[in-house]
Amino acid sequence: MILHELIDYETLRIIWWVLLGVLLIAFATTDGFDLGVGTLLPFVAKNDTERRIAINTIGATWEGNQVWLILGGGAIFAAWPPLYAVSFSGFYLAMFAILFALILRPVGFKYRSKRDSASWRNGWDWALFVGGFVPSLIFGVAVGNVLQGVPFRFADDMRIFYEGSFFALLNPYALLCGLLSVAMLIMHGSAWLVLKATGPVADRARRFGSIAALAVIVLFALGGLLLWMGITGYRITSDISPIGPSNPLLKTASLEGGAWLANYGTYPWMIVAPILGFLGATAAFLALQARREVVTLLFSKLSITGIISTVGLSMFPFILPSSLDPKSSLTVWDASSSHQTLFIMLVVTVIFLPIIFAYTAWVYKVLWGKVDEKSVTDKNSHAY
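Residues numbered from 1 in each chain as written. Predicted model: local features only at pLDDT ≥ 70, side-chain atom pairs only at ≥ 80, totals over all residues. Heavy atoms only, no water.

(A) Main features of the environment of Asp-239. The topology assignment puts Asp-239 in the loop between strand E3 (232-236) and strand E4 (253-257). Overall, Asp-239 belongs to the exposed group, its relative accessible area being 77%. Measuring from C-alpha to C-alpha, the distance between Asp-239 and Leu-250 comes to 9.1 Å, with eleven residues separating the pair along the chain. (Helix = DSSP H or I, 4+ residues; strand = E, 2+ residues; numbered from the N terminus. Buried < 20%, exposed > 50% of the residue type's maximum accessible area, 1.4 Å probe, protein only.)

(B) Representation of the packing of aromatic side chains in the model. Tallied over the full model, the rule gives 23 aromatic pairs. Pairing Phe-43 with Phe-129 gives two aromatic rings, centres 6.0 Å apart and planes at 80 degrees, and the pair type is edge-to-face. Placement of the pair is Phe-43 in helix H1 (residues 9-44) and Phe-129 in helix H7 (residues 118-148), with a sequence separation of 86 residues. On the basis of relative accessibility, which here comes to 32%, the residue Phe-43 falls in the partly exposed class. The rings of Phe-43, Trp-126, Phe-129, Phe-133 and Phe-208 are connected pair by pair, giving a single aromatic cluster. (Phe/Tyr/Trp six-rings, centres within 6.5 Å; stacked < 30°, edge-to-face > 60°.)

(C) Inspection of the packing of H1 against helix H8 (residues 172-196) at higher detail. Contact geometry of H1 with H8 gives a least axis separation of 7 Å together with a crossing angle of 85 degrees. Relative to H8, H1 is oriented roughly perpendicular. Of H8, the residues touching H1 (which contributes Ala-28, Thr-29, Gly-32, Phe-33, Leu-35, Gly-36, Val-37, Thr-39, Leu-40 and Val-44) are Leu-185, Ile-186, His-188, Gly-189, Ser-190, Trp-192 and Leu-193. The residue inventory of the contact of H1 with H8, partitioned by class, reads ten nonpolar, seven polar and no charged. (Axes fitted to C-alpha atoms, helices over the stretch in contact; angles between N-to-C directions. Parallel < 35°, antiparallel > 145°, perpendicular 65-115°, else oblique. Contact = heavy atoms within 4.5 Å. Nonpolar A, V, L, I, M, F, W, Y, C, P; charged D, E, K, R; others polar.)

(D) Up close: the pattern of salt bridges. This model, assessed by the stated rule, comprises 13 salt bridges. We note a salt bridge from Arg-105 to Asp-31, for which the minimum N-O separation is 3.1 Å. Of this pair, Arg-105 sits in helix H6 (residues 92-111) while Asp-31 sits in helix H1, placing them 74 residues apart in sequence. Here Arg-105 and Asp-31 have matching classes, each one buried. (Salt bridge = Lys/Arg side-chain N within 4 Å of Asp/Glu carboxyl O.)

(E) Region of interest: the environment of Ala-79. On the secondary structure map, Ala-79 appears in helix H4 (residues 67-79). For Ala-79, a relative accessible area of 0% puts it in the buried group.

(F) The side chain of Arg-13, seen in detail. Its place among the elements puts Arg-13 in helix H1. Of the side chains with opposite charge, Asp-334 comes closest to the buried, unpaired Arg-13, at an N-O distance of 7.2 Å. Within polar-contact distance, the side chain of Arg-13 engages the backbone oxygen of Trp-333 at 2.9 Å. Excluding its chain neighbours within four sequence positions, the residues that come into contact with Arg-13 are Trp-80, Ser-241, Pro-242, Ile-243, Gly-244, Pro-245, Ser-246, Val-332, Trp-333, Ser-336 and Leu-342. (Lys, Arg positive; Asp, Glu negative; His and termini not counted. Polar contact = N/O pair within 3.5 Å; in protein donor to acceptor, adjacent residues only side chain to side chain.)

(G) Region of the structure containing the packing of H1 against helix H12 (residues 293-315). At a minimum axis separation of 10 Å, H1 and H12 run at an interaxial angle of 145 degrees. At the point where H1 passes H12, the crossing takes the right-handed sense. Across from Trp-17, Leu-24, Ile-25, Ala-28 and Thr-29 in H1, the residues of H12 making contact are Lys-301, Ile-304, Thr-305, Ile-308, Ser-309, Gly-312 and Leu-313. A class-by-class count of the residues in the contact of H1 with H12 yields seven nonpolar, four polar and one charged. (Left-handed = near helix turned anticlockwise from the far one by under 90°.)

Laid out in C-alpha cells, this is it:
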C-alpha cells in the first residue's frame, strides 16, 4: 500500500477543512484580542501612562499571536490552491489595506516612546488604533462577501477571471459582518484588558466590553436573520464525488434562498455552533458585570469559536461560492490539493502543531500577571 492511502482522500479533505477552521479560530482568539486592544486604545486610556499599560498588556505576545495568521495563509496556499488564487487575486486591495494596517502595529510599538512629545505619541497611538480597527473590519467584510458569493469564474482552461471591484465589497450585508467582527474583537480585547490591566484602564475596558458583547448578540442575530430571509445561498445540483478531481467545473450549482440554513436540517448537531456564539457573548457580558476576569476571556473565546464555526458549517461543502457562475464555486470536494500532498502536510502538521500549541502555552504562563503603572514606569523594565 502506498503510504498516503492510509487515509482516504475524502477524509483528508474534511480534515484540512477542519484544520483551516482551527487556524482561523486560533488567529481570532489570540491575535484577536491584540486587534481589540489596538481599537480600544484611544478610548480606554486617557494619558500616556494608561496607554502604555494598555499597550504592554499585548506587547509581549502580539508577535507570536500573528503566527496563526501566517499558518492560516500557508494552509490555504498549500491545501486549497484555487481558494488562495481566487481570494488573493480578487481581494488584493483589501489584503494590501490589512497588511498596511498590520505594519503600523510593530512600528507604533517601537517608535511611540522614542520621543518625549505628546503629539508624537498621540499620532502613533492613533496609528495603533488603525492597526487594530482596519483588519478587524476588513476580515468581517470579507466573510460577508463570501457568504453572498464572490464575482469570479473559471474559463474552460481553468483560468480565473475576477470581475468585481474594491468598493463593491463594501455592500450593506458585508459591512454588517464587518461591524460584527469589530464588536467581537472589541469584546475580546476588553476581556483581555480586564484580565491584564489595572485601575482606570480595566474599568473603562469593562464598560466598553459590555457594550460590545451586547452588540455581538444583536449583530449576530441580525446577520442570521438576513441569511434566512434576504441573502441567497448556494446549493449543489449535480452529483459530486468526495474523492473526485479538483476541478470545480465538473459540477453544477444554483442560487437558492435560505440555502445557507439547509445544513441545520440535514445535520441538526450543527446548531451547537450558533448557540455557542450567542451563549458565549451573553456569558461574557454577565462575567464582565460580575468582575470575573479569567472566565470573561474564556467566554469571549467561546463566542468567537461559535461565530466562526457557524459560517463554515452553514456553507459546507462550499468554501468560496461564485456569484458570476455558480458552477465555478469552490467546494471542499473540488478545490483541494492532491491526495498525497494533503497527507504529507497532515504528517507535518501532526508533528509541529502540538509544538506550537505547547510553546504558546508556555509563553503565556511565563508572561502571566498584571501590567500596572509601576511595571511601565520602571526605568529598568523593557516595557514599550
